[in-house]
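Descriptive analysis of the structure
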Amino acid sequence: MRLERGATGFWSHGDEPVSVTDLTRCRSVYWEAARRIGGRVSELAFAGASSFHALTITSRAEEYVVLCHAHLPVIAFANAHPVPGQPLSGFVDPPPWVDDLGVAGFRCLSVEHLTTPMAKVDVTELTEAELTQIRYWRPAVLSDLLFNWWD
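Residues numbered from 1 in each chain as written. Predicted model: local features only at pLDDT ≥ 70, side-chain atom pairs only at ≥ 80, totals over all residues. Heavy atoms only, no water.

Turning our attention to the overall build of the chain. For the chain, the count of helices and strands is 5 helices and 6 strands. When the helices and strands of the chain are listed from N to C terminus, the series reads α-β-β-β-β-β-α-β-α-α-α. Taking 2.2 N^0.38 as the reference for a compact globule, 151 residues should give roughly 15 Å; the C-alpha atoms of the chain span a radius of gyration of 15 Å, in line with that estimate. Across the chain, contacts joining residues at least 24 apart in sequence account for 55% of those joining residues at least 6 apart. When the accessible area of the chain is evaluated, it comes to approximately 7,900 Å², of which 53% is carbon and sulfur surface. In the chain, the 12 positive side-chain charges and the 18 negative ones have mean positions that sit 3 Å from each other. (Helix = DSSP H or I, 4+ residues; strand = E, 2+ residues; numbered from the N terminus. Rg over C-alpha atoms; globule rule 2.2 N^0.38 Å. Contact = heavy atoms within 4.5 Å. Areas by Shrake-Rupley, 256 points an atom, 1.4 Å probe, with all protein chains shown as cover. Lys, Arg positive; Asp, Glu negative; His and termini not counted. Charge placed at Lys NZ, Arg CZ, Asp CG, Glu CD.)

Let's shift gears to the nonpolar core. If you look at the biggest cluster of nonpolar residues, it comprises 25 residues, and the most contacted ones within it are Leu 3, Leu 67, Phe 91, Leu 145, Leu 146 and Phe 147. Those residues in contact with Leu 3 that lie beyond four places of it in its chain are Val 121, Asp 122, Val 123, Glu 125, Leu 126, Leu 142, Leu 145 and Leu 146. Among the nonpolar cores identified, the runner-up in size contains 18 residues, and Cys 26, Val 41, Tyr 64 and Cys 68 belong to it. (Core = buried A, V, L, I, M, F, W, Y, C linked by side-chain atoms within 4.5 Å. Buried < 20%, exposed > 50% of the residue type's maximum accessible area, 1.4 Å probe, protein only.)

Here we come to the pairing of strand 2 (residues 52–58). Along strand 2, 7 of the 7 residues are buried, which leaves the element largely enclosed by surrounding structure. Of the pairings in the sheet, the one linking strand 2 to strand 3 (residues 63–69) comprises 7 bridges and is antiparallel in character. Residue pairing in the sheet places His 53 in a bridge with Cys 68 of strand 3. Linking strand 2 back to strand 3 in an antiparallel pair, the connection comprises 4 residues. (Pairing = 2+ DSSP bridges.)

Time to look at the environment of Ile 37. Note on placement: Ile 37 falls in the loop between helix 1 (23–36) and strand 1 (40–45). Residues Ile 37 and Ile 57, spaced 20 residues apart in sequence, show a C-alpha to C-alpha distance of 9.5 Å. For Ile 37, the residues in contact, after removing those within four places along its chain, are Ile 57, Ser 59 and Trp 97.

Glancing now at the packing of aromatic side chains. Applying the stated criterion across every chain yields a total of 8 aromatic pairs. On the basis of an interplanar angle of 40 degrees and a centroid distance of 6.3 Å, the ring pair of Phe 91 and Phe 147 is categorised as tilted. With a gap of 56 residues between them, Phe 91 in strand 5 (residues 91–92) and Phe 147 in the segment after helix 5 (142–146) connect regions that are remote in the sequence. Classification of Phe 91 by relative accessible area gives buried; the value is 15%. (Phe/Tyr/Trp six-rings, centres within 6.5 Å; stacked < 30°, edge-to-face > 60°.)

None of this, on its own, says anything about what the molecule does.
So this is what it looks like as structure tokens:
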């Protein structure tokens, strides 16, 4: 898997700032998905000290934690709420109702993608600032890099 610039959320002063995920579009897609399954959306946390935004989509039968990368159009699903400063866990494959997310330009990552060892991840498009963070924090798998609390 090849990572795009901005995957870590870091850049240097001399670099162009990384893109920012359109939260308005992201939220509208979440609300539409929740409406289709008869669920509701609750926001948990926003990027700041993290590289992602988090919310839950809850229906009568299930609850999903949805993680949206702050800089890339990438989404992951989990069954555990994020704990600030702690590595994320409990990733699950995207549920069947995520069709709208792909149509809206978001890529939903499977557990297989998220657990890819970093040795198998192509980081050639990342900036030196991002590579420095990777060397410092030493993420073991892709999810550790994409969905992080690095400061």
